[in-house]
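Secondary and tertiary structure notes
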Amino acid sequence: MQQSADIVIVGSGVGGSSLAFSLAETGRKIVILERGDYLNDTPEARDDVAIFQKGFYKSTEEWLGTDGESFLPGNYYYVGGNSKFFGAVMYRYRKEDFGARPHLDGGSPGWPIQYEDLEPWYERAEDVFQVRGAIDQDPTEPPHSSPYAHPPVPDEPAIAAVRSRLQKAGIHPSSLPLAIDLEEWLKRAETGWDAFPNTGLGKIDAEAGPLARALLHPNVSVVTGASVSRLETDASGHRVTAAVFVKDGVEQRIRADVFAVAAGAVQSAALLLRSANNAHPSGLGNSSDQLGRNFMNHNTTAMLTLDFRAPNTAVYQKTLGFNDYYNNDNEYGYPLGNVQLLGHITGNILKANFPVAAPAWVTKLIARYAYGWFLTSEDLPNPESRVMIKDNRIVMHWIRSNMRAHEALIKKTRSVMRKAGFPIVLTHTFGRKTTSHQCGTARLGNNPALSVVDPNCRSHDIENLYITDASVLPTSAAVNPALTVAALAIKAGAAIGKG
Ligand SMILES: Cc1cc2nc3c(=O)[nH]c(=O)nc-3n(C[C@H](O)[C@H](O)[C@H](O)COP(=O)(O)OP(=O)(O)OC[C@H]3O[C@@H](n4cnc5c(N)ncnc54)[C@H](O)[C@@H]3O)c2cc1C
């Protein structure tokens, strides 16, 4: 079967949907090919046993490590991509993240564009994701050309008390920027949203935000259950001519003038590597040999702080964070990272992640007094940290970096929490299965010898190929990536629209 469009986008997650939103008004025929289906509302959507203990929403696709072990990554394939499950924290990268800077275990190379270049696109991304926030609480907040359109999601009383305890301990907590319509979210059920799937409009994920806006235009459509297996080029290799995908077991082909790959940092690299042909023997758009390399994943740790004098009565919890150690902590002299609340940890969530088998009543009792935190430090780009294909399977060889900075962040946060009155502090550092913040496999840059796409996300090698997802991030910074992915995709859409 032969089909055609003006623009084909592979993947309907944050990058793909933001690109469709950016291009929708051009009137050009845009077809989004999405491997997954729409995520329907069923009782499991707010059932913490189904989600966290039974892995109801998890894919069965395993990836291989270079140690030969296969593993099930935390990667989701639905319309809206990983953002269906995201914590909805929509930080801008900090201004300092765009410049080169030293880290405890190396250096971050900086970006080919500066914060000011991306600022107008951050504005548009915040608008389409309806981000709630405050610009005057976090000392690391970069300049905004206008304040957030919506006030921050309110702290619950238990969290307001934690905020005040942190302030007394000398910390500067600030409201998290959140793509959450609280009333709408709680209407469905009184739960947190972090790692819970969104089946309505309470979490403004890629489907509820940019995709919904794009689909208001009749020239935009989504084909679900369409897994793209390769892209084809003309004989010269200068232009992509078709995307080949499998839907309902049948191979199909769609032609277009422009192709954008936004399948997520691991899957996009895999797709382009799998598309190798005579003109591009090592993968499409890979003359730099950087495709699949510089894979980053953030160094992240869950921290549980307990105070048996203060039960945690919060339902959703995830409203504050702090960046006191983000740029320079005044002790180590290097950037250490970000600290933010996790969603409320229930007994069932704790049981799913408990280091030993424990009865439900034990984890429920602990959870009653527990506050969960998420600590993030920058993972630095390294060409040897990479995604590869072996026998058509994805191989993820993650070489994590900068762990001394992450350990310092844990140490400093532990001491702050003790000072703030939490005598018990437990930690668990995440490994390769936690691929939530994957990025960097098709880095953006000005130099075609060292990068895969230019600052408008266009392939250096192939004139009508764009990559518009987390792959293009040249550095991981230490804040959540989705807003930056969206801003870059919207910027790319403006460039494509002019062409
Ligand atoms: C539990 C969890 C919590 C998170 N919390 C946050 C947070 O609070 N803040 C934040 O900024 N980020 C968060 N993230 C990360 C955020 O979701 C990602 O950074 C973001 O979704 C990346 O966008 P993307 O476009 O690169 O990929 P995705 O959004 O994952 O989109 C990729 C899409 O491509 C589709 N696809 C894959 N392969 C193919 C193929 N071959 N053919 C067709 N379609 C394909 C997938 O099904 C998917 O829809 C979280 C992630 C997870 C999993």
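The model shown is predicted, which means the values in this text are computed figures rather than measured ones.

1. With respect to the overall build of the protein
The helix and strand tally for the protein stands at eleven helices and 21 strands. Taken over the C-alpha trace, the protein has a radius of gyration of 22 Å; the compact-globule value for 499 residues is 23 Å, and the two agree within 12%. The dimensions of the protein, computed from C-alpha atoms along their principal axes, are 70 × 50 × 50 Å. Here the protein holds 499 residues, and 60% of them are scored as buried. If you take every contact in the protein between residues at least 6 apart in sequence, the share linking residues at least 24 apart comes to 72%. Within the structure as shown, the protein displays about 18700 Å² of accessible surface, and the carbon and sulfur contribution to it stands at 52%. Here the protein holds 48 positive side-chain charges and 52 negative ones, and the gap between their average locations is 4 Å.

2. Describing the environment of Gly321
Inspection of the secondary structure assignment puts Gly321 in strand β15 (residues 320-322). Judged by its relative accessible area of 0%, Gly321 is buried. Taking the C-alpha atoms as reference points, Gly321 and Val339, 18 residues apart in sequence, are found 5.4 Å from one another. Apart from the residues lying within four places of it in its own chain, the contact partners of Gly321 are Tyr91, His172, Pro173, Ser174, Leu176, Val339 and Gln340.

3. Quick word on helix α3 (residues 115-128)
If you check α3, its first and last C-alpha atoms are 20 Å apart, about what 14 residues at 1.5 Å a residue would give, namely 20 Å. Most pronounced at Trp121, the bend in α3 amounts to some 30 degrees. Buried residues of α3: Tyr115, Leu118, Glu119, Trp121, Tyr122, Glu123, Ala125, Glu126 and Val128, and no others. In this structure, the buried side of α3 is in contact with α1 (14-23), α6 (207-214) and α11 (482-498). After α3 finishes, the residue Gln130 shows a positive phi value of roughly 50 degrees.

4. Quick word on the sheet that holds strand β19 (residues 393-397)
The strand order β5-β4-β19-β18 describes an open sheet built from four strands, whose pairing is mixed. In this open sheet, the two strands that pair with only one neighbour each are β5 (70-71) and β18 (386-390). Together, β4 (63-65), β18 and β19 form the strand contacts of helix α7 (residues 265-274), whose direction differs from that of β18 by roughly 45 degrees.

5. Concerning the UniProt feature "domain: Glucose-methanol-choline oxidoreductase C-terminal" (unreviewed entry) in the protein
If you check UniProt for "domain: Glucose-methanol-choline oxidoreductase C-terminal" (unreviewed entry), the listed places come out as residues 432-489 in our numbering. The span residues 432-489 is 14% helical and 5% strand by assignment, and the distance between its end C-alpha atoms comes to 26 Å.

6. Structural notes on the UniProt feature "domain: Glucose-methanol-choline oxidoreductase N-terminal" (unreviewed entry) in the protein
Taking the numbering used here, the UniProt-annotated feature "domain: Glucose-methanol-choline oxidoreductase N-terminal" (unreviewed entry) corresponds to residues 203-299. Span residues 203-299 is 19% helix and 32% strand, its end C-alpha atoms 25 Å apart.

7. Let's talk about the nonpolar core
One finds Leu33, Leu118, Phe129, Trp193, Leu231 and Leu488 to be the most contacted residues of the largest nonpolar core, which totals 117 residues. The greatest single-element share of this core, amounting to ten residues, is contributed by α11. Apart from the residues within four sequence positions on either side, Leu488 is in contact with Trp111, Ile113, Leu118, Leu444, Cys457, Val472 and Leu473. Core analysis: the second largest hydrophobic core is formed by 27 residues, Leu166, Ile171, Ala408 and Met417 among them.

8. Points about the site of the ligand
Near the ligand there are 35 residues, and of these Gly15, Glu34, Gly87, Val89 and Ala482 occur at the shortest range. Separating an oxygen atom of the ligand from a backbone N or O atom of Tyr78 is a distance of 3.0 Å. At 2.9 Å from a nitrogen atom of the ligand is found a main-chain nitrogen or oxygen belonging to Gly87. Against a free-state accessible area of 990 Å², the protein chains account for coverage of 95% of the ligand. Contributing elements (two or more residues each) for the shell around the ligand: α1 and β10 (226-233). The biggest single contributor to the shell around the ligand is β10, with three residues.

9. Structural notes on α11
Between its first and last C-alpha, α11 extends 25 Å over 17 residues, near the 24 Å set by a 1.5 Å rise per residue. α11 sits mainly inside the fold: 13 of its 17 residues count as buried.

10. Overview of the side chain of Arg92
Here Arg92 shows up in the loop between β5 and β6 (101-103). A polar atom in the side chain of Arg92 sits 3.0 Å from the side chain of Glu119. Of note is the side chain of Arg92, whose polar atom sits 3.1 Å from the side chain of Glu123. Ignoring sequence-local partners within four residues, the contact set of Arg92 consists of Tyr115, Glu119, Tyr122, Glu123, Glu126, Pro142, Pro143, His144, Val479 and Leu483.

11. Details of unusual backbone geometry
Although it is not a glycine, Asn330 sits at a positive phi angle of roughly 70 degrees. The residue Asn330 is located in the loop between β15 and β16 (338-341) in this model. The backbone phi angle of Asn392 is positive, close to 65 degrees, even though this residue is not glycine. Along the polypeptide, Asn392 turns up in the loop between β18 and β19.

12. A look at the packing of α3 against α11
α11 packs onto α3 with a crossing angle of 110 degrees between their chain directions and a minimal axis gap of 8 Å. Classified by the angle their axes make, α3 and α11 are roughly perpendicular. Two secondary-structure elements touch here, α3 through Leu118, Trp121, Tyr122, Arg124, Ala125, Glu126 and Val128 and α11 through Leu483, Thr484, Ala486, Ala487, Leu488, Ile490, Lys491 and Ala494. For the contact of α3 with α11, a count of residues per class yields eleven nonpolar, one polar and three charged.

13. Notes on the state of the cysteines
Evaluation of the coordinates by the stated rule reveals zero disulfides. Free cysteine Cys439: the closest other cysteine sulfur is in Cys457, separated by 13 Å.

What counts as what
Every chain's residues receive numbers from 1 upward, in the order its sequence appears when written. The predicted origin of the model limits local features to residues at a pLDDT of at least 70 and limits the giving and counting of side-chain atom pairs to 80 or more, whereas totals for whole chains, interfaces and linings rest on all residues. Only hydrogens and water are set aside; all other atoms, that is, all heavy atoms of the structure, feed into the side-chain values. Only DSSP runs of H or I covering at least 4 residues are called helices, and only runs of E covering at least 2 are called strands; the numbering of each starts at the N terminus. Note on method: radius of gyration uses C-alpha positions; expected globular size equals 2.2 Å times residues raised to 0.38. The buried label applies to any residue whose accessible area, calculated with a 1.4 Å probe on protein chains only, is under 20% of its type's maximum; exposed applies above 50%, and partly exposed to all values in between. Residues count as neighbours in contact if any of their non-hydrogen atoms are within 4.5 Å of one another. Computed with a 1.4 Å probe, the accessible areas rest on the Shrake-Rupley method; for each residue, only the protein chains presented here act as cover. In summary, the charge assignment counts Lys and Arg as positive and Asp and Glu as negative, without counting His or the chain termini. The location of each charge is read from NZ of Lys, CZ of Arg, CG of Asp or CD of Glu. To estimate the expected span of a helix, count its residues, drop one, and scale the result by 1.5 Å. Two axes enter the definition of the bend at a residue: one is fitted to the seven residues ending there, the other to the seven starting there, and the bend is the angle between them. Strands are labelled as partners when DSSP assigns at least two bridges between them. Here an angle of 0 to 180 degrees is reported between the N-to-C directions of two axes, which are lines fitted to C-alpha atoms, with helices fitted over the stretch in contact. UniProt positions are given in the numbering used here, feature names are shortened, and annotations may be inferred rather than shown by experiment. Buried Ala, Val, Leu, Ile, Met, Phe, Trp, Tyr and Cys residues that are joined via side-chain atoms within 4.5 Å together make up what is termed a nonpolar core. Whether a residue is near a molecule or strand depends on its heavy atoms: it is near if one of them lies within 4 Å of it. Polar contacts, as used here, are pairs of N or O atoms within 3.5 Å; protein pairs need one atom able to donate a hydrogen and one able to accept it. Residues neighboring in sequence count only if both atoms are side-chain atoms. Any angle that is under 35 degrees is reported as roughly parallel, and any over 145 degrees as roughly antiparallel; angles of 65 to 115 degrees are reported as roughly perpendicular and all others as oblique. Just so you know the grouping, Ala, Val, Leu, Ile, Met, Phe, Trp, Tyr, Cys and Pro go in nonpolar, Asp, Glu, Lys and Arg go in charged, and all remaining residues, Gly too, go in polar. Disulfides are defined as pairs of cysteine sulfur atoms found within 2.5 Å of each other.

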